[in-house]
Amino acid sequence: MSAAAPYIGRFAPSPTGPLHAGSLVAALASWLDARGQGGQWLVRIEDVDTPRCVPGADTLILQQLATCGLLPDAPPVWQSRRGDRYQAALDRLIAQGVAYGCACTRSDIARANAELGRIKPRHGDLVYPGTCRPDHGGLRGRAPRAWRVAVPEGAAAHWPWLDRRLGPQSQQLDDAVGDFVVRRADGLWAYQLAVVVDDAEQGITDVVRGEDLADNTPRQMWLQTQLGWPHPRYLHTPLVMGDNGEKLSKQNGAAALALDDPLDALRRAGAVLGLSDMGGSTVGEWLGAAIPAWRARVACWASSAPHTETIA
């Protein structure tokens with residue numbers, strides 16, 4: 001990302017249900033970061049996983065954001081209407097020899113991992129063993145089901161990056177994720193490719209999102225590098241935890257955000273971000289006070305985070 005590029009940030013909810021307390025934290029942080037730097041704030045509806053999307057949830061989410069005073073600076077974009085852009089990016093990756101067809105089923109991958117002594121992590125996926133990689137023999141006459149992007153191996157797979165809140169981060173791409181899917185066996189576009197294409201096309205300079213998405217960052221930066229696109233800066237926000245100690249999410253039954261008192265909802269979200277005692281008797285007054293408080297909070301994170309090598 002060029003230091004001179006004007007700030008453009010975004011909030012990108014999946015319409016699998018209404019916003020909950022955790023998603024408001026991410027929305028508020030991304031809005032404050034954009035406003036704090038005099039930039040633009042966009043909203044993107046990430047609805048590529050159509051079987052999980054709830055009819056009308058996108059409209060409800062936009063209404064919830066508006067009730068909280070979080071209004072985008074341009075009309076929202078829906079990923080489900082952008083398949084031609086994703087196909088063009090995949091075609092480029094195939095032409096470059098980076099993406100390849102994969103015929104493996106889930107049971108094939110599980111069996112291969114079992115033979116290697118690998119166990120599926122509780123909150124993760126099995127690492128793809130590279131069965132269909134062209135340099136491993138390719139499809140061997142089988143029809144491709146999905147499309148994957150090859151990641152480097154060994155020292156080249158070590159991917160360091162700097163998070164504006166978490167500080168230095170790194171991931172060993174080949175050991176942590178392996179060659180990852182960019183188009184699924186059911187024909188749907190994978191999140192990793194869609195988000196990279198959209199961020200590049202919208203000129204996103206800063207990604208502010210929940211900490212649970214931090215481990216996606218190296219895969220997205222790898223794709224950005226292969227496609228010749230700049231890397232945004234990343235800031236991953238604290239998570240709201242449920243009573244069971246798990247991240248609050250729609251999947252584990254998080255309640256829809258109650259907005260009979262939007263000012264109270266904003267205050268609660270702000271407290272998660274370390275913004276307390278903001279004052280203000282209206283949503284507008286509270287947001288106005290929160291902008292400089294957010295700038296101070298980010299400056300505190302920046303001053304306490306050591307520097308690390310980053311990928312150019």
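See the structure shown above.
Residues numbered from 1 in each chain as written. Predicted model: local features only at pLDDT ≥ 70, side-chain atom pairs only at ≥ 80, totals over all residues. Heavy atoms only, no water.

Asks: Would you take a moment to explain the overall build of the protein chain for this structure?
Replies: Broken down by element type, the protein chain carries 9 helices and 10 strands. In terms of C-alpha radius of gyration, the protein chain reaches 20 Å, essentially the compact-globule figure of 20 Å for 312 residues. Along the first, second and third principal axes, the C-alpha set of the protein chain runs to 65 × 40 × 40 Å. Across the protein chain, the fraction of contacts at a sequence separation of at least 24, relative to all contacts at a separation of at least 6, is 75%. Summed over its atoms, the accessible surface of the protein chain is roughly 14300 Å², and 54% of this surface lies on carbon and sulfur atoms. Positive and negative side-chain charges in the protein chain, numbering 31 and 33 respectively, have mean positions lying 3 Å apart. (Helix = DSSP H or I, 4+ residues; strand = E, 2+ residues; numbered from the N terminus. Rg over C-alpha atoms; globule rule 2.2 N^0.38 Å. Contact = heavy atoms within 4.5 Å. Areas by Shrake-Rupley, 256 points an atom, 1.4 Å probe, with all protein chains shown as cover. Lys, Arg positive; Asp, Glu negative; His and termini not counted. Charge placed at Lys NZ, Arg CZ, Asp CG, Glu CD.)

Asks: Hey, could you run me through unusual backbone geometry in this one?
Replies: For residues that are not glycine, phi is negative in most cases, and the peptide bond is trans in most cases. The backbone of Arg140 shows a phi angle near 55 degrees, a positive value even though the residue is not glycine. Relative to the helices and strands, Arg140 resides in the loop between helix H4 (106–115) and strand E5 (146–149). The phi torsion at Asp277 lies on the positive side, around 55 degrees, for a residue other than glycine. In this fold, Asp277 is placed in the loop between helix H8 (262–272) and helix H9 (283–304).

Asks: Could you clarify how one ought to interpret the side chain of Gln224 in this entry?
Replies: With respect to the secondary-structure elements, Gln224 resides in helix H7 (residues 217–226). With a relative accessible area of 2%, Gln224 lands in the buried category. When sequence neighbours within four positions are dropped, the list of residues in contact with Gln224 reads Val196, Trp229, Pro230, His231, Pro232 and Tyr234. (Buried < 20%, exposed > 50% of the residue type's maximum accessible area, 1.4 Å probe, protein only.)

Asks: Sorry, what's going on with the packing of aromatic side chains here?
Replies: In this structure the tally under the stated criterion is 4 aromatic pairs. Aromatic pair Tyr86 and Trp189: ring centres 6.0 Å apart, planes at 65 degrees, arrangement edge-to-face. Remark: Trp189 occurs in the loop between strand E8 (180–183) and helix H6 (191–201) and Tyr86 occurs in helix H3 (residues 83–95); sequence separation between them is 103 residues. For the pair Tyr86 and Trp189, a shared accessibility class is recorded, and that class is buried. (Phe/Tyr/Trp six-rings, centres within 6.5 Å; stacked < 30°, edge-to-face > 60°.)

Asks: Where do I start with the nonpolar core in this structure?
Replies: The biggest cluster of nonpolar side chains holds 40 residues, and the ones touching the most others in it are Leu28, Leu65, Leu70 and Trp294. At the level of elements, helix H1 (21–36), strand E2 (40–45), helix H2 (57–67), H8 and H9 are the ones that each hand at least two residues to this core. Top contributing element to this core by residue count: H1, with 9 residues. Excluding its chain neighbours within four sequence positions, the residues that come into contact with Leu65 are Phe11, Leu19, Ala27, Trp41, Val43 and Leu70. Listed in part, the 32 residues of the second largest apolar core include Leu42, Leu93, Trp159 and Val196. (Core = buried A, V, L, I, M, F, W, Y, C linked by side-chain atoms within 4.5 Å.)

Asks: Honestly, the pairing of E5 in this entry has me stumped. Any pointers?
Replies: For a regular strand, side-chain orientation follows a simple rule: the groups alternate between the two sheet faces. Bridging between strand E4 (residues 99–102) and E5 involves 4 bridges; their strand directions are antiparallel. Bridge pairing in E5 links Tyr100 to Arg148. Across 3 bridges, E5 lies against E8 in antiparallel orientation. Counted as the bridge partner of Trp147 is Arg183 from E8. (Pairing = 2+ DSSP bridges.)

Asks: Help me out: how do you make sense of the pattern of salt bridges in this one?
Replies: Where charged atoms from two side chains of opposite charge approach closely, those side chains can pair. For the structure shown, the criterion picks out 20 salt bridges. Here Arg44 and Asp198 are joined by a salt bridge, their closest N and O atoms 3.9 Å apart. Of the two residues, Arg44 is situated in strand E2 and Asp198 in helix H6; the sequence distance between them amounts to 154 residues. Among the ionic pairs, Arg184 bridges to Asp49, the shortest N-O distance being 3.4 Å. (Salt bridge = Lys/Arg side-chain N within 4 Å of Asp/Glu carboxyl O.)

Asks: Mind showing me how you'd approach the sheet that holds E5 here?
Replies: Paired through backbone hydrogen bonds, the strands of a sheet run either parallel or antiparallel to each other. Here we have 3 strands laid out as an open sheet, ordered E4-E5-E8, and antiparallel in their pairing. Bordering the open sheet on either side are E4 and E8, each of which pairs with just one other strand. Strand-to-strand twist of the sheet, defined as the mean angle between neighbouring strand axes without regard to direction, takes the value 45 degrees. H7 rests against E5 and E8 of the sheet, and its axis sits at about 60 degrees to E8. (Axes fitted to C-alpha atoms, helices over the stretch in contact; angles between N-to-C directions.)

Asks: Before we go on, may I ask you to explain H7 in this structure?
Replies: Turn by turn, an α-helix covers 3.6 residues, leaving residues three or four places apart pointing in a common direction. Taken across its 10 residues, H7 has 9 buried, putting it largely inside the fold. Three or more residues of H7 are buried, namely Thr217, Pro218, Arg219, Gln220, Met221, Trp222, Leu223, Gln224 and Gln226. Just downstream of H7, Gly228 is the residue with a positive phi angle, here 75 degrees.

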